[in-house]
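# Structural features, examined
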Amino acid sequence: MADSYLAIQVVMMPRDTNPHGTIFGGVILSYLDQAGAIAARREILQAGGVPPVLVTVAINRVEFHQPVLVGDVVRFLVRRLKLGRTSITMQVNVEVDRGQKVLQVTEAEVVYVGIDPSSPERKPKPLLPERTPPL
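Below: a short report on this structure. Computed from a predicted structure; not experimentally measured.

Our focus in this paragraph is unusual backbone geometry. Here Arg61, not a glycine, exhibits a phi torsion of approximately 50 degrees, which is positive. Turning to its location among the elements, Arg61 is positioned in strand 2 (residues 54–64). The backbone of Arg122 sits at a positive phi, close to 50 degrees, despite the residue not being glycine. Inspection of the secondary structure assignment puts Arg122 in the segment after strand 5 (101–114).

Put into structure tokens, the structure is as follows:
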């Protein structure tokens, strides 16, 4: 399996808070999805595919371990778990840099499917070119 790498890093701002003063989980999920998609695209290109159109089909096993606070620098670290014919699964780990501490705050698996946006049904599309068997 590949090593994790940084896909997104962002500072949490007051506009993203809930009534309790912590960052909404939905804000973290949005960035988590973006980070996974950025990484999935990169993985597909590195594997020899063309730039894909990806849609999120599942966010599995989301675990919020600790709250995220205003001013936290949040990092979204990703790695590929599985690359299938039309789908790719990414692990996204979220950590915060809070002064002198780095804390693991959230993790999830995200599944993306490559689609053909020109077809009315937006059918799944292979992520990598078809390989021809050797003669």
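This part is about the packing of aromatic side chains. Counted according to the given criterion, the structure contains 1 aromatic pair. Ring centres 5.9 Å apart and planes at 40 degrees place the aromatic pair Tyr31 and Phe76 in the tilted group. Note that Tyr31 is positioned in helix 1 (residues 25–46) and Phe76 in strand 3 (residues 73–83), a separation of 45 residues in sequence. Classification of Phe76 by relative accessible area gives buried; the value is 0%. In this structure, Arg42 is placed above the aromatic ring of Tyr5, and the distance from its NZ or CZ to the ring centre is 3.7 Å.

Rules used throughout
Residues numbered from 1 in each chain as written. Predicted model: local features only at pLDDT ≥ 70, side-chain atom pairs only at ≥ 80, totals over all residues. Heavy atoms only, no water. Helix = DSSP H or I, 4+ residues; strand = E, 2+ residues; numbered from the N terminus. Phe/Tyr/Trp six-rings, centres within 6.5 Å; stacked < 30°, edge-to-face > 60°. Buried < 20%, exposed > 50% of the residue type's maximum accessible area, 1.4 Å probe, protein only. Lys NZ or Arg CZ within 6 Å of the ring centre and 35° of its normal.

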